[in-house]
Amino acid sequence: MTSLLRPALSLFVLLGVLTGLAYPLAVTGVGQLLFAHAANGSILAVDGKPVGSALIGQSFTGVRYFWGRPSATGPFPYNAAISSGSNLGPLNPALRDAVKARMAALRAADPANDQPVPIDLVTASGSGLDPDISLAAARYQVARVAKARGLAVQQVSALIEQHAARPWLGILGEPRVNVLRLNLALDGHPVQPLD
């Protein structure tokens, strides 16, 4: 029995040290060395103070700001501890009512805007934490934001283009803009990664 037990325990301890200690330390070390900003949550700072993560959406509701994609998390929007979608199907009346309410809020904030509402402004993502919106969703809001801030539409449009993320290698992903970065730029805050 001991001839079987000793190698089994030795292997258990060896694999435990390798997979439970050495591998996590190596991955953490490489992450901190090569990708420190991303490994630490992609935290953005203004004047050295953290203001949010570029990876998690935030709730902006004022007409002076670009609004992000709706969040389906509870008990409050963009709750990273409870990341989830609504799991409501396209024929579910609750989803239709939520979309109608979100469209009504967009129309109330900018009654003169008669453009079609981009889908990502009225539906939540699978995680409920999406920090980005499509360029169409950003452009839909330009007139409202420009009017509320007393800026020219061209100025606000230029900010969108400056902060737009393009598809990687021109083919992977969709053009998008990070709402937090865009709103901080609107407020004139230079944004730095938090080290």
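Residues numbered from 1 in each chain as written. Predicted model: local features only at pLDDT ≥ 70, side-chain atom pairs only at ≥ 80, totals over all residues. Heavy atoms only, no water.

Draft legend 1. Molecular detail of the packing of helix α5 (residues 153–163) against helix α6 (residues 179–186). Direction vectors running N to C along α5 and α6 enclose 135°, while the axes themselves pass 10 Å from each other. Between α5 and α6, the angle falls in the class oblique. The handedness of the crossing between α5 and α6 comes out as right-handed. Residues L159, I160 and H163 of α5 form the contact with α6, whose participating residues are R181, L182, A185 and L186. Here the residues of the contact of α5 with α6 are counted per class, giving five nonpolar, one polar and one charged. (Axes fitted to C-alpha atoms, helices over the stretch in contact; angles between N-to-C directions. Helix = DSSP H or I, 4+ residues; strand = E, 2+ residues; numbered from the N terminus. Parallel < 35°, antiparallel > 145°, perpendicular 65-115°, else oblique. Left-handed = near helix turned anticlockwise from the far one by under 90°. Contact = heavy atoms within 4.5 Å. Nonpolar A, V, L, I, M, F, W, Y, C, P; charged D, E, K, R; others polar.)

Draft legend 2. Representation of a nonpolar patch on the surface. On the surface, a nonpolar cluster with roughly 710 Å² of combined accessible area is contributed by L5, L9, F12, V13, V17, L21 and L25. Inspection of the secondary structure puts F12 in helix α1 (residues 2–34). Its relative accessible area of 61% is what places F12 among the exposed residues. (Patch = residues over 30% accessible without salt bridge, like charges linked within 9 Å, V, L, I, M, F, W, Y side chains within 5 Å. Areas by Shrake-Rupley, 256 points an atom, 1.4 Å probe, with all protein chains shown as cover. Salt bridge = Lys/Arg side-chain N within 4 Å of Asp/Glu carboxyl O. Buried < 20%, exposed > 50% of the residue type's maximum accessible area, 1.4 Å probe, protein only.)

Draft legend 3. Structural detail: the nonpolar core. Within the largest apolar cluster, 31 residues are counted, with the highest numbers of intra-cluster contacts made by F66, L106, L121, I133 and I160. Here this core takes seven residues from helix α4 (residues 135–149), the largest share from any one element. If we ignore the near neighbours within four places in the chain, the residues touching I160 are F66, L135, A138, R139, V142, V177 and L182. (Core = buried A, V, L, I, M, F, W, Y, C linked by side-chain atoms within 4.5 Å.)

Draft legend 4. Structural view of the confidence of the model for the protein chain. With 97% of its residues at a pLDDT of 70 or more, the protein chain shows a mean pLDDT of 88. Across the protein chain, the secondary-structure element scoring lowest on mean pLDDT is strand β6 (residues 192–193), at 64, and the one scoring highest is α4, at 95. (pLDDT = per-residue confidence, 0-100.)

Draft legend 5. Examining the packing of aromatic side chains more closely. Scanning the entire structure with this criterion turns up one aromatic pair. Judged by centre distance (5.5 Å) and plane angle (35°), the ring pair of F60 and Y65 falls under tilted. Judged by its relative accessible area of 19%, F60 falls in the buried class. Take Y65: its relative accessible area is 23%, and that puts it in the partly exposed class. Above the face of the W67 ring, R144 is positioned so that its terminal group lies 4.4 Å from the ring centre. (Phe/Tyr/Trp six-rings, centres within 6.5 Å; stacked < 30°, edge-to-face > 60°. Lys NZ or Arg CZ within 6 Å of the ring centre and 35° of its normal.)

Draft legend 6. Layout of the side chain of S71. Positionally, S71 belongs in the loop between β2 (49–53) and α3 (93–109). Given a relative accessible area of 16%, S71 falls into the buried group. Of the polar contacts made by the side chain of S71, one reaches the side chain of T73; its length is 3.1 Å. In this structure the side chain of S71 is engaged in a polar contact, spanning 2.6 Å, whose partner is the backbone oxygen of G128. Non-local contacts of S71, meaning those with residues more than four positions away in its chain, are made with P77, Y78, A124 and G128. (Polar contact = N/O pair within 3.5 Å; in protein donor to acceptor, adjacent residues only side chain to side chain.)

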